Amino acid sequence: APLTNLLRRFQELAKHLAQKGNKDDCDKAYQGFLKELEIYHHNMSQAKIALETMSRETATFDSSKKEIEAQIDNTREKIAGLKEELEVERQERAHREEAMTLAKLINQLPSRQETKQQILAQNKELDELLSKKEKIEQEMDEKRKQFALFHHSLSQLQGGNSEEN
């Protein structure tokens with residue numbers, strides 16, 4: 001609309017100048033044109049200032065946006081690193097718990113020295129039992145021989161008694 005008004009005033013001025021009309025009418029048209037030109041110039045200055053302000057705000061916004069995006073990327077990287085660290089810590093904790101469980105089981109068992117002593121005692125008892133077994137087998141063998149001899153002698157005696165009768 002301001003440009004249309006300026007064009008209309010210019011056309012009026014041109015019309016008065018072309019008609020070579022009254023100097024007052026020409027001055028009046030010229031003053032109207034200058035006034036409209038001043039308004040148009042003022043509006044353009046305001047538009048230029050608004051445009052520059054918007055450009056600065058856009059640049060500030062873009063800069064802030066880049067900083068925020070960089071911070072977001074940095075935070076994502078930190079989160080990924082912390083997730084990895086958390087997983088490592090979880091595994092270490094699981095290993096520690098497993099080690100503690102094994103330590104409890106180990107502590108419930110007798111010591112190596114006690115176990116060796118028990119083994120030695122069992123071996124000694126086994127040796128004694130084997131020795132006893134061997135003595136008993138020898139006695140049994142001797143008794144078998146005596147019984148066989150007795151049985152043989154008894155058979156001969158009975159055989160000798162039956163011949164005598």
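Just so we're clear, the structure is a prediction, and the values are computed from it rather than from any experiment.

**Observations regarding the overall build of the chain**
Along its length, the chain carries 3 helices and 0 strands. Helices (α) and strands (β) of the chain occur, in sequence order from the N terminus, as α-α-α. Relative to the compact-globule value of 15 Å for 165 residues, the chain shows a C-alpha radius of gyration of 63 Å, a clear excess of over 25%. When its C-alpha atoms are laid out on the principal axes, the chain stretches across 200 × 35 × 15 Å. Residue burial in the chain is summarised as follows: out of 165 residues, 4% are buried. For the chain, the accessible surface area stands at approximately 15,200 Å², while carbon and sulfur atoms represent 56% of it.

**Notes on helix 2 (residues 23-108)**
Taking 1.5 Å of rise per residue, the 86 residues of helix 2 would be expected to cover 128 Å, and the 124 Å separating its terminal C-alpha atoms lies within 8% of that figure. Among the structural elements, helix 1 (2-19) are those in contact with the buried residues of helix 2. Near the N-terminus of helix 2, the side chain that reaches the backbone nitrogen of D24, with its oxygen 3.1 Å away, is that of N22.

**Let's talk about the side chain of E36**
Within the secondary structure layout, E36 lies in helix 2. Of the side chains with opposite charge, R9 comes closest to the buried, unpaired E36, at an N-O distance of 4.1 Å. The residues contacting E36, other than those within four sequence positions of it, are P2, N5, L6 and R9.

**Some remarks on a nonpolar patch on the surface**
Taken together, Y30, L34 and L37 make up a surface patch of nonpolar side chains, about 230 Å² in accessible area. Secondary-structure assignment places Y30 in helix 2.

**A short note on the packing of aromatic side chains**
Tallying each qualifying case throughout the model produces 1 aromatic pair. Aromatic pair F10 and F33: ring centres 5.5 Å apart, planes at 50°, arrangement tilted. Of the two residues, F10 is situated in helix 1 and F33 in helix 2; the sequence distance between them amounts to 23 residues. Since its relative accessible area comes to 44%, F10 is described here as partly exposed.

**As for the confidence of the model for the chain**
Here the chain shows a mean pLDDT of 91. Residues at 70 or above account for 98%. Across the chain, the element-wise mean pLDDT spans from 84 in helix 1 up to 94 in helix 2.

**Concerning the pattern of salt bridges**
Under the counting rule described, the total for this entry stands at 5 salt bridges. Between E12 and R8 there is a salt bridge, and its shortest N-O distance comes to 3.4 Å. Here the residue E12 and the residue R8 both occupy positions in helix 1, the gap between them amounting to 4 residues, near one helical turn. Since its relative accessible area comes to 40%, R8 is described here as partly exposed. Ionic contacts of the salt-bridge type, sharing partners, join the residues D141, R144 and K145 into one network.

**Digging into the environment of L154**
With respect to the element layout, L154 can be found in helix 3 (residues 112-164). Remark: the alpha-carbon pair of L154 and K133, spanning 21 residues in sequence, is separated by 30 Å.

**Side note on helix 1**
Helix length check: helix 1 (18 residues) gives 26 Å between terminal C-alpha atoms against 26 Å at 1.5 Å per residue, within 8%. K20 lies just past helix 1 and shows a positive phi near 50°.

**Examining the packing of helix 1 against helix 2**
Two elements in contact, helix 1 and helix 2, have axes separated by 9 Å at closest approach and are oriented at 160°. Taken together, the axes of helix 1 and helix 2 lie roughly antiparallel to each other. Helix 1 and helix 2 meet at a crossing whose hand is left-handed. Where helix 1 abuts helix 2, its residues P2, L3, N5, L6, R9, F10, E12, L13, H16 and L17 lie against D25, C26, A29, Y30, G32, F33, E36, L37, Y40 and N43. Grouping the amino acids of the contact of helix 1 with helix 2 by side-chain chemistry returns 12 nonpolar, 4 polar and 4 charged.

Conventions we followed
Residues numbered from 1 in each chain as written. Predicted model: local features only at pLDDT ≥ 70, side-chain atom pairs only at ≥ 80, totals over all residues. Heavy atoms only, no water. Helix = DSSP H or I, 4+ residues; strand = E, 2+ residues; numbered from the N terminus. Rg over C-alpha atoms; globule rule 2.2 N^0.38 Å. Buried < 20%, exposed > 50% of the residue type's maximum accessible area, 1.4 Å probe, protein only. Areas by Shrake-Rupley, 256 points an atom, 1.4 Å probe, with all protein chains shown as cover. Expected span 1.5 Å × (residues − 1). Contact = heavy atoms within 4.5 Å. Polar contact = N/O pair within 3.5 Å; in protein donor to acceptor, adjacent residues only side chain to side chain. Lys, Arg positive; Asp, Glu negative; His and termini not counted. Salt bridge = Lys/Arg side-chain N within 4 Å of Asp/Glu carboxyl O. Patch = residues over 30% accessible without salt bridge, like charges linked within 9 Å, V, L, I, M, F, W, Y side chains within 5 Å. Phe/Tyr/Trp six-rings, centres within 6.5 Å; stacked < 30°, edge-to-face > 60°. pLDDT = per-residue confidence, 0-100. Axes fitted to C-alpha atoms, helices over the stretch in contact; angles between N-to-C directions. Parallel < 35°, antiparallel > 145°, perpendicular 65-115°, else oblique. Left-handed = near helix turned anticlockwise from the far one by under 90°. Nonpolar A, V, L, I, M, F, W, Y, C, P; charged D, E, K, R; others polar.

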